[in-house]
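# Results of the structural survey
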Amino acid sequence: MKTHYYLGWFNNSFPEKLGRLLQEDITERNSLAMISSNPSIYEDDGATERSWLDQAGIMFDEYHLINYRVEKEDAQKIIQNASVIFLLGGNTHKQNGFLREYELSDLIKKSSAIVMGASAGAINMSAKWLCSKNFGYKVEMNAVYEGIGLDNFSVLSHFDLENSIAIVQSELSLLSEEINIYAFNKDCAVRVKGDKIDVFGNVLLISHSMLQKLDETL
């Protein structure tokens, strides 16, 4: 049963309940493959995201960071052998391009590993995402980008929803006519396990231009 975690951001560690769920789901802990969102900036090593797992007591035999220091073929092998694949937060655009350049998306979709993404990583796990200057991207025109497409919905992760509901609803209205959009900020998660979608924290569903706050199910 494939399991995907779309995460917001966590200031210090996973909330206790979310940490317990991850402990239960992550039974294979041979290899963690972390995919950079700033692959040419080697200092961005996923230390923050890794610390969340460490504090939840989830340790791995091997840790791999995939960036431009890793050859394309080696990166693909790391993905194929991973117990957990973690798409790191940071630059959504650069990570999206890196996934295409290194031809990792199909391998991730075919993998039996648990796939996680935080912030930019969660956005790139989804089927499509909207690139807009109102979401902090340095662009003049809105554009829709293809993600990995692990599940047939879109994600807006780690965005100031609390003070930007009108902007979010306006910007995502058109895309929401095509696919559902899950929007969340910090200390939140959407878990897809098999055919079941669960939510943790303050998660909004935008569908056919309508916005609905979801009840927690995790």
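A short tour of the structure in this document, coming up. All values derive from a computational prediction rather than experimental measurement.

What counts and how
- Residues numbered from 1 in each chain as written.
- Predicted model: local features only at pLDDT ≥ 70, side-chain atom pairs only at ≥ 80, totals over all residues.
- Heavy atoms only, no water.
- Pairing = 2+ DSSP bridges.
- Helix = DSSP H or I, 4+ residues; strand = E, 2+ residues; numbered from the N terminus.
- Axes fitted to C-alpha atoms, helices over the stretch in contact; angles between N-to-C directions.
- Contact = heavy atoms within 4.5 Å.
- Buried < 20%, exposed > 50% of the residue type's maximum accessible area, 1.4 Å probe, protein only.
- Arc of directions from axis to C-beta.
- Phe/Tyr/Trp six-rings, centres within 6.5 Å; stacked < 30°, edge-to-face > 60°.
- Lys, Arg positive; Asp, Glu negative; His and termini not counted.
- Salt bridge = Lys/Arg side-chain N within 4 Å of Asp/Glu carboxyl O.
- Polar contact = N/O pair within 3.5 Å; in protein donor to acceptor, adjacent residues only side chain to side chain.
- Right-handed = clockwise from strand over helix to strand, strands pointing away.

### Let's talk about the sheet that holds strand S10 (residues 189-193)
Taken in spatial order, the 7 strands make up an open sheet running S3-S2-S4-S5-S1-S10-S11, and their pairing is mixed. Looking along the sheet, the strands with just one partner apiece sit at the ends: strand S3 (62-66) and strand S11 (196-200). Neighbouring strand axes in the sheet, compared pairwise and without regard to direction, differ in orientation by 15 degrees on average. Of the strands in this sheet, strand S1 (3-7), strand S5 (114-118), S10 and S11 are in contact with helix H1 (residues 16-25), which crosses S1 at around 155 degrees.

### As for helix H3 (residues 72-81)
Considered for burial, the residues of H3 that qualify are Ala75, Ile78 and Ile79. The arc enclosing the buried residues of H3, seen along the axis, measures out at 100 degrees, which places them on a common side. Facing away from the buried surface of H3 by more than 90 degrees, the exposed residues are Lys77, Gln80 and Asn81.

### What about the packing of aromatic side chains?
In the structure shown here, the tally under the stated rule is 13 aromatic pairs. Relative to Phe153, the ring of Tyr6 has its centre 5.0 Å away and its plane inclined at 55 degrees; by these criteria the two rings are tilted. Of the two residues, Tyr6 sits in strand S1 while Phe153 sits in the loop between strand S7 (143-146) and strand S8 (154-157), which places them 147 residues apart along the sequence. Overall, the relative accessible area of 4% leaves Phe153 in the buried class. Look at Phe153 and Tyr182: their rings are 4.9 Å apart centre to centre, the planes differ by 70 degrees, and that puts the pair in the edge-to-face class. Of the two residues, Phe153 sits in the loop between S7 and S8 while Tyr182 sits in strand S9 (residues 181-184), which places them 29 residues apart along the sequence. Relative accessible area serves as the criterion here: at 8%, Tyr182 is assigned to the buried category. The structure contains a cluster of three or more aromatic residues connected by ring pairs, namely Trp9, Phe10, Phe14 and Trp52.

### Considering unusual backbone geometry
One non-glycine residue with positive phi stands out, namely His158, at about 60 degrees. Residue classification places His158 among the partly exposed residues on the basis of a relative accessible area of 31%. If you check the backbone angles, Asp187 has positive phi at about 55 degrees while not being a glycine. Mapped onto the elements of the fold, Asp187 is located in the loop between S9 and S10.

### Let's talk about the side chain of Asp151
Counting through the fold element by element, Asp151 comes out in the loop between S7 and S8. One buried charged side chain, Asp151, makes no salt bridge at all; its nearest oppositely charged neighbour is Lys2, positioned 9.3 Å away. Polar side-chain contacts of Asp151 include one of 2.8 Å to the side chain of His4. Excluding residues that lie within four positions of it along the chain, Asp151 makes contacts with His4, Tyr6, Met125, Ser126, Ala127 and Val192.

### Here we look at the pattern of salt bridges
Charged atoms that come close allow side chains of opposite charge to pair. Throughout the structure, instances matching the rule amount to 7 salt bridges. Here Glu16 ties to Arg20 by a salt bridge, and the two come within 3.3 Å at their closest N and O atoms. Of this pair, Glu16 and Arg20 both sit in helix H1, 4 residues apart, roughly one helical turn. Asp198 is the partner of Arg191 in a salt bridge, and the nearest nitrogen-oxygen pair spans 3.5 Å. Here the salt bridges share partners, and the residues they tie into one network are Asp25, Arg191, Lys193, Lys196 and Asp198.

### A look at the pairing of S8
Of the two faces of S8, the one carrying Ser154 and Leu156 and the one carrying Val155 and Ser157 are both buried. Where S8 and S9 come together, 4 bridges link them in parallel fashion. Of the residues in S9, the one forming a bridge with Ser157 is Phe184. Crossover S8 to S9 through helix H7 (residues 165-176) is right-handed.

### Details of the side chain of Ser126
In this structure, Ser126 sits in the loop between helix H6 (120-125) and strand S6 (128-131). In this view, Ser126 contacts Tyr6, Gly147, Ile148, Gly149, Asp151, Phe153, Ser154 and Val155; residues no more than four positions away in its chain are not counted.

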